[in-house]
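# Summary of the model geometry
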Amino acid sequence: MNFEKRDIILIVGLVLFMIGLIPFMAPVYAALITIVIYFGIKFYVSNRRKSIEKYIGEGMCVDCGSKIFDKKCPNCDTLGE
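Cut-offs and rules
In this numbering scheme, every chain counts its residues from 1 along its sequence in written order. Restriction of local features to residues with pLDDT of at least 70 applies here, the model being predicted, together with a cutoff of 80 or more for giving and counting side-chain atom pairs; totals for whole chains, interfaces and linings are based on all residues. Based on all heavy atoms of the structure, the side-chain values leave hydrogens and waters out of the count. Helix and strand definitions here come from DSSP, where helices need a minimum of 4 consecutive H or I residues and strands a minimum of 2 consecutive E residues; each element is numbered from the N-terminal end. Confidence of the predictor at the level of single residues is given by pLDDT, which spans 0 to 100. When accessible area is computed with a 1.4 Å probe and restricted to protein chains, residues below 20% of their type maximum are described as buried, those above 50% as exposed, and intermediate ones as partly exposed. What counts as a ring pair is set by centres within 6.5 Å for rings of Phe, Tyr and Trp (its six-membered ring), and what kind of pair is set by the plane angle: stacked under 30 degrees, edge-to-face over 60, tilted for all other angles. Under the convention used throughout, the expected extent of a helix is 1.5 Å for every residue step, that is, one less than its residue count. In this analysis, two residues are considered to be in contact whenever any of their non-hydrogen atoms come within 4.5 Å of each other.

The next point concerns the environment of Asp77. Position of Asp77 among the secondary structure elements: in helix H3 (residues 76-79). It is 43 Å that separates the C-alpha atoms of Asp77 and Ile9, two residues lying 68 residues apart in sequence.

When pLDDT is averaged along the chain, the result is 87; 95% of the residues meet or exceed 70. Averaged over each element, pLDDT in the chain is lowest for H3 (71) and highest for helix H1 (residues 7-21) (95).

Within the chain, Lys71 stands out as a residue other than glycine whose phi angle is a positive 60 degrees. Mapped onto the fold, Lys71 is located in the loop between helix H2 (27-56) and H3. Among the residues examined, Lys71 registers a relative accessible area of 75% and is labelled exposed.

This part covers the packing of aromatic side chains. Each aromatic ring pair is characterised by the separation of its centres together with the angle its planes make. Scanning the entire structure with this criterion turns up one aromatic pair. Aromatic side chains Tyr38 and Phe39 sit 5.2 Å apart centroid to centroid with 75 degrees between the ring planes, which places their arrangement in the edge-to-face category. A residue is classified by how much of its surface remains accessible, and Tyr38, at 16% relative accessible area, is buried.

Before going further, it helps to examine H2. With 30 residues, H2 should cover 44 Å at 1.5 Å per step; its first-to-last C-alpha distance of 43 Å lies within 8% of that length. Every buried residue belonging to H2 is among Ala30, Thr34, Tyr38 and Lys42, and all of these are buried. Buried positions along H2 lie against H1. The positive-phi residue at the C-terminal boundary of H2 is Gly57, with phi of around 70 degrees.

Written as structure tokens, this is what we have:
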């Protein structure tokens, strides 16, 4: 979970969300909810990114969209032979 440039937007949005929660609850609870939401989103995004990288592997073929193995497309390269 590295800090990225777009995390600033997430933090600003969550601070505004926290400010919106303050009239309805204590500021401590609003801050705790905001922190839990931040780490929840970061955890979800990192797991989703890992699953996408695992699925894609070396890349995807531009023509047919299948997964590339050993720098060759199993569908397109067998048709050309």
